2 protein chains.
Amino acid sequence: MAQSDTVDRILDAAEELFADRGFSETSLRMITSKAKVNLAAVNYHFGSKNALIHAVFARFLTPFSATLETAFDDLEARCEGQPPTLNQTLWALTESAVRMPQRNEKGISIFMRLLGLAYTQSQGHLRKFLEQEYSQPFSRFMRLLKEATPQLSAVDRYWRIQFMLGATAFTMSSSDALRDILQNKLGVETTVQEIAARLVPFLAAGMQAEDAVLMPSLKEAPVA
Amino acid sequence: MAQSDTVDRILDAAEELFADRGFSETSLRMITSKAKVNLAAVNYHFGSKNALIHAVFARFLTPFSATLETAFDDLEARCEGQPPTLNQTLWALTESAVRMPQRNEKGISIFMRLLGLAYTQSQGHLRKFLEQEYSQPFSRFMRLLKEATPQLSAVDRYWRIQFMLGATAFTMSSSDALRDILQNKLGVETTVQEIAARLVPFLAAGMQAEDAVLMPSLKEAPVA
DNA sequence: AGGTGCCTCAAACGTATGTTTCAAACAGAC
DNA sequence: GTCTGTTTGAAACATACGTTTGAGGCACCT
């Protein structure tokens, strides 16, 4: 075997198991036995379980954020000073994700689920790690979003970004299960690319929705 | 003390801790010590930790699904045969949630987070429990959605419902953290009602977006 | 007073977890 | 071949978990 292919085997097994079962619910013994590796190897190579979790994210996120930066560079160059539209920005992100070299057939969806879990499970260390490690492309995406939706108030934009993130993370995170259901119910096959193609228009439309009206309950029952 | 106020103290503590930290990350010892109750009381009154989780959901969900049913009844009666609009349907759901009698100041948001966790954490027993216990109002909501969006193909509708579910579950599931961020960044206070008031227009707009176009990467770079 | 159910308590049980240890195996340099 | 630093191996460690136990308390009934 190549020099310490143990490390990669651990990362592969951990990535898949974390995505399937969450972080706390995945033990080191599950990981090492799936990876066919000795238990102590994890602590030897990574130091701790938390550090392993960080490494799983870093292996995907570091090349991805580089890809994303150049995609944004291209986009801004093509727009010559004018701010890119919302659709363009969302597509730049989506295509960067979809075009990432994929380790196996499950591809991007595993990682989408991991990102969803990172936000959902209250693993303080993970959020802190992600925020301080990948703040640059994140901030840039936020800036592009802001320039593409100047009509929104900061608060509206903030919440709608959360809604976008939620729709994306949730859908992608369970896309395997959802695809199966769709297959059984309607007999339709679906790829991650097609899901993305459906998701982006949904997100763009929601992002550009009319301003929220007052809640009907505060006045009368809603009509029409 | 009143007859077994222990049960309620356990439920209160469990509800809050589960919402804060997730199910696996919350131990019975945390719950019983927060509730100022003996450790064995959980297994005595509920039988197991999983059964306690179910009880936490049932305490909220059972009255809620009753409220929701009457809300749907009212809505359909008001529409006199015509199918309710998408906005009406979403508002009926939202208002039913918001109007639930709240046990404490944190109110509905704790429970929204629990529902999000239920979908996110891969606790098989929980999803099974929720699906077979509350399938009726769920199916009814789905039927209303279908009648409110006749222009969508079944596949489009299916995916967009997942997007809605994701935006809702994800946002609500981390709404405390998000509110804190918003508080610190922009100095704005936000109630769950206000989040819901922002969420519904976003969802409705996304649900009714124009049909998805082909993915730009399949042809040329996106312009305008 | 005595007895009966329901409940609480402290302690223990068995198991699973993350981590550590230390000897053995291995690779490459001399 | 021998030495050196790195990696693997089986076993143990300490801790935390969910659950069970059995003795005790308390209220209520006859």
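Up top is the structure.
Everything quoted here is computed from the prediction, not taken from an experiment.

A. A look at the overall build of chain A. A count of helices and strands for chain A gives eleven helices and zero strands. Walking chain A from its N terminus toward its C terminus, one meets helices and strands in the order α-α-α-α-α-α-α-α-α-α-α. Split into buried and exposed, the 224 residues of chain A put 53% on the buried side. Here the contacts in chain A between residues at least 6 apart in sequence split such that 73% fall between residues at least 24 apart. Carbon together with sulfur atoms contributes 54% to the accessible area of chain A, which is approximately 10600 Å² in total.

B. Main features of the packing of aromatic side chains. In the structure shown here, the tally under the stated rule is 21 aromatic pairs over all chains. A ring pair is formed by Phe72(A) and Phe141(A), whose centres lie 6.3 Å apart and whose planes are at 10°; its orientation type is stacked. A residue pair is termed long-range when its members are at least 10 positions apart, and Phe72(A) in helix H4 (residues 49-79) and Phe141(A) in helix H8 (residues 135-148) qualify at 69 residues. Comparing Phe72(A) with Phe141(A) shows no difference in burial state: the two are buried. Summarising the aromatic geometry, the rings of Phe163(A) and Phe202(B) are spaced 5.2 Å apart at their centres and angled 65° between planes, so their arrangement reads as edge-to-face. Of this pair, Phe163(A) sits in helix H9 (residues 154-173) while Phe202(B) sits in helix H11 (residues 192-207), on two different chains. For the pair formed by Phe163(A) and Phe202(B), the shared burial category is buried. Joined through ring pairs, the aromatic side chains of Tyr158(A), Trp159(A), Phe163(A), Phe202(A), Tyr158(B), Trp159(B), Phe163(B) and Phe202(B) make up one cluster.

Thresholds, definitions, all that
Just so you know, the residues in each chain are numbered from 1, in the order the chain's sequence is written. Each chain takes a letter, starting from A, and each ligand takes a number, starting from 1, following the order in which they are written. Thresholds applied to this predicted model are a pLDDT of at least 70 for local features of residues and 80 or more for the giving and counting of side-chain atom pairs; totals over whole chains, interfaces and linings are not thresholded and use all residues. As a convention, hydrogens and water are excluded, and side-chain values are obtained from all of the structure's heavy atoms. Working definition: helices are DSSP H or I runs of at least four residues, strands are E runs of at least two. Numbering for both runs from the N terminus. Burial classification: accessible surface area is computed with a 1.4 Å probe over protein chains only, and a residue below 20% of its type maximum counts as buried, one above 50% as exposed, and the rest as partly exposed. Contacts are assigned to residue pairs with any non-hydrogen atoms lying within 4.5 Å of each other. Methods summary: accessible areas were calculated by the Shrake-Rupley approach with a probe of 1.4 Å, and residue burial reflects only the protein chains presented. In this analysis, rings of Phe, Tyr and Trp, with Trp reduced to its six-membered ring, are considered paired at centre separations within 6.5 Å, and the interplanar angle assigns stacked below 30 degrees, edge-to-face beyond 60, and tilted for intermediate values.

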